[in-house]
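Residue-level listing of the chains:
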Amino acid sequence: MKVLIVGGGGREHALAWKLRDEDPGVDLVAAPGNPGIGTLARCRPVAATDIDGLLALAESERPDLTIVGPEAPLALGIVDRFRARRLPIFGPTAAAAAVESSKVFAKELMRSAGVPTARAERHTRADDARRAARELGAPVVIKASGLAAGKGVTVAGTLAEADAAIDAMLTQRVFGAAGAEILVEEHMEGEEVSLLFLTDGEGWLPFLPAQDHKRLLDGDLGPNTGGMGAYAPVYPLVLTTGGARGPGGGQAAGGATDGVEGRWADWRTLVELVAERIVEPTLAALRDRGTPFAGVLYVGVMVTAEGPKVVEFNCRMGDPETQAILPLTGFSLAPLMRAVAMGESLGAGVDGRWHRQLRREHAVTTVVAAAGYPEHARTGDVIRLPSTTPAGVHVFHAGTARAPSGELVTAGGRVLAVTAVAPTLADAQRVSVAYAGAIEFAGKQYRTDIAWRELGRHARAS
Ligand code: AMP
Ligand code: GLY
């Protein structure tokens, strides 16, 4: 099988690793790829947003399958263009990718499908938006509707902050057209979990739940980033009426569940709840509109006292969640993605026993970022990797490049993602952090506490 991977970050390196792991004979091509991906694939210098260039590459390479990593080419209609030329491609059409590329569309879709999410109003005029923020009261969330490179959301602790965000988006147009339409949204309390579902538009197969860590510094302090690490699986506190038990079989204490029975749920409980209340009605609503979603639907969930609610949809796999999830995924992606790309139904892949196909281990991914990230990431620092990589450690390249001298150098904000897989979460974190600490380049930044919430739960449950 020949597979073309579109993209050149840590997520795409993890995809390339997974495809090679499940089929040593796979022929991989990546556009544009990166030096890490280059150890597994032939990298071609075509940008992920150059749809004409990617079409030309696919016409000459004739891959059996193209997999699209990032959202931008999906929003640009790469799937529509490939399909028109009968090139097998895995991912949603531009119309279905609107679940991510238009937050206003996603909100309207959820409302029509009865999917639990925060209340929100759509606004294009600053004075109306400010009034809506006052009706909801602080804290309140202001969101640009369009794609804004992960920067379009302000969780405003005060009305003054909300006003500033509204003004920046609607008056100063800091996000251009992406912020010409905004949502003024109710603030939800709870813990966030990333749930990814591989779907043919109707049937679905879940990946393990993961949790991203957006802040730069330990303790979830410092500025927001594209994601400084992730772990899987996640056992959040969800309300269950049955006796589902968590890692140590213990019962949770207090907090968001006052007056209601709250327990550590088995992660399967959360996946099934989200599939039933969120994924199935969303997929059905998209089918009804004539724009079925085939690809990976990423559901950013807030686990609130009233149950899981949608924070956001993404139309592709998460970064860095993918780097934590794929090393634990026991089923083969390529045959399922190829079937979906060919317009076939997932069929036997979705058999109600999916959880047996996931490995019973833990993964912690620590991102190693460049000096100055996230404001002004410095590039060109020479990277030295440890000479040996312990068993269970995966070093995924994100922002790296080869200098003319042949040296590996930093070339982006997030430079490397180090995933450690181990039988216990504590070991996975320890090994991931130790390896990240042993990587050398000037000004490197990394967190040492990825999975801290989960480790706290494990400690309390034992
Ligand atoms: P998004 O780009 O939609 O994922 O939003 C970025 C981040 O803002 C999310 O990961 C949440 O941490 C936070 N956020 C977004 N919407 C809400 C909300 N309604 N309530 C609380 N936090 C939110
Ligand atoms: N980790 C969040 C995202 O991929 O959007």
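Here the structure is a predicted model, which means the values were calculated and not measured. Every chain's residues receive numbers from 1 upward, in the order its sequence appears when written. Chains carry letters from A onward and ligands carry numbers from 1 onward, assigned in written order. Only residues with pLDDT of at least 70 get local features here, since the model is predicted, and only at 80 or more are side-chain atom pairs given and counted; chain-wide, interface and lining totals rely on the full set of residues. Each side-chain value is worked out from all heavy atoms of the structure, with water and hydrogens disregarded.

Trainee: Explain the overall build of the protein chain here, please?
Mentor: Regarding its fold elements, the protein chain presents 13 helices and 24 strands. This radius of gyration counts C-alpha atoms alone. The globule rule is 2.2 Å times how many residues there are, raised to the power 0.38. Scaling as 2.2 N^0.38, a compact globule of 462 residues should have a C-alpha radius of gyration of about 23 Å, and the protein chain matches this with 21 Å. Its C-alpha atoms give the protein chain principal-axis dimensions of roughly 60 × 50 × 50 Å. It only takes one pair of heavy atoms within 4.5 Å for two residues to be counted as in contact. In the protein chain, 69% of the contacts between residues at least 6 apart in sequence involve partners at least 24 apart. All tallies of charge rest on Lys and Arg as positive and Asp and Glu as negative; His and the ends of each chain are not included. Positions of charges follow a simple convention, taking NZ of Lys, CZ of Arg, CG of Asp or CD of Glu. Counting 48 positive and 53 negative side-chain charges, the protein chain places the centres of these two groups 2 Å from one another. Secondary structure elements are defined from DSSP: runs of H or I of at least 4 residues count as helices, runs of E of at least 2 residues count as strands, and each element is numbered from the N terminus.

Trainee: I keep staring at helix H7 (residues 126-136) and nothing clicks. Help me out?
Mentor: For H7, the full list of buried residues reads Ala126, Ala129, Ala132 and Ala133. Seen along its axis, H7 keeps its buried residues to an arc of 120°; they face one direction. Looking at the residues trailing H7, positive phi occurs at Gly137, about 80°. Burial here depends on accessible area, computed with a 1.4 Å probe over protein chains only, as a share of the maximum for the residue type. Under 20% is buried, over 50% is exposed, and the range in between is partly exposed. Here the arc refers to the directions that run from the helix axis out to each C-beta atom.

Trainee: Would you take a moment to explain the site of ligand 2 for this structure?
Mentor: Near residues are defined by distance, with any heavy atom within 4 Å of the molecule or strand qualifying the residue. Ligand 2 sits among Asp212, Lys214, Tyr298, Asn314, Arg316, Gly318, Asp319 and Glu321. Only the protein chains shown count as covering a residue, and every accessible area follows the Shrake-Rupley method with a 1.4 Å probe. Across the complex, the protein chains shield 89% of the 190 Å² of accessible surface that ligand 2 would expose by itself. Taken together, the residues of the shell around ligand 2 sort by class into one nonpolar, two polar and five charged. Three classes are used: nonpolar for Ala, Val, Leu, Ile, Met, Phe, Trp, Tyr, Cys and Pro, charged for Asp, Glu, Lys and Arg, and polar for all others, with Gly counted as polar.

Trainee: What is the right way to look at a negative patch on the surface in this model?
Mentor: A cluster of acidic residues, Glu202, Glu272, Glu276 and Glu280, forms a negative patch at the surface. By the element assignment, Glu280 lies in helix H9 (residues 267-288). You can call Glu280 partly exposed: its relative accessible area is 38%. Patch members must show over 30% relative accessible area and no salt bridge, and they are joined within 9 Å when carrying like charges or within 5 Å when they are nonpolar side chains of Val, Leu, Ile, Met, Phe, Trp or Tyr. By convention in these notes, a salt bridge is any Lys or Arg side-chain nitrogen within 4 Å of a carboxyl oxygen on Asp or Glu.

Trainee: Where do I start with the confidence of the model for the protein chain in this structure?
Mentor: Segments scoring low in pLDDT should not have their predicted coordinates read at a detailed level. Looking at the protein chain, the pLDDT average stands at 91 and 92% of residues meet or exceed 70. Every residue is assigned a pLDDT by the predictor, reflecting its confidence on a scale from 0 to 100. With pLDDT under 50 throughout, residues 239-263 is counted as low confidence; its partners more than four residues away or in other chains account for 46 contacts.

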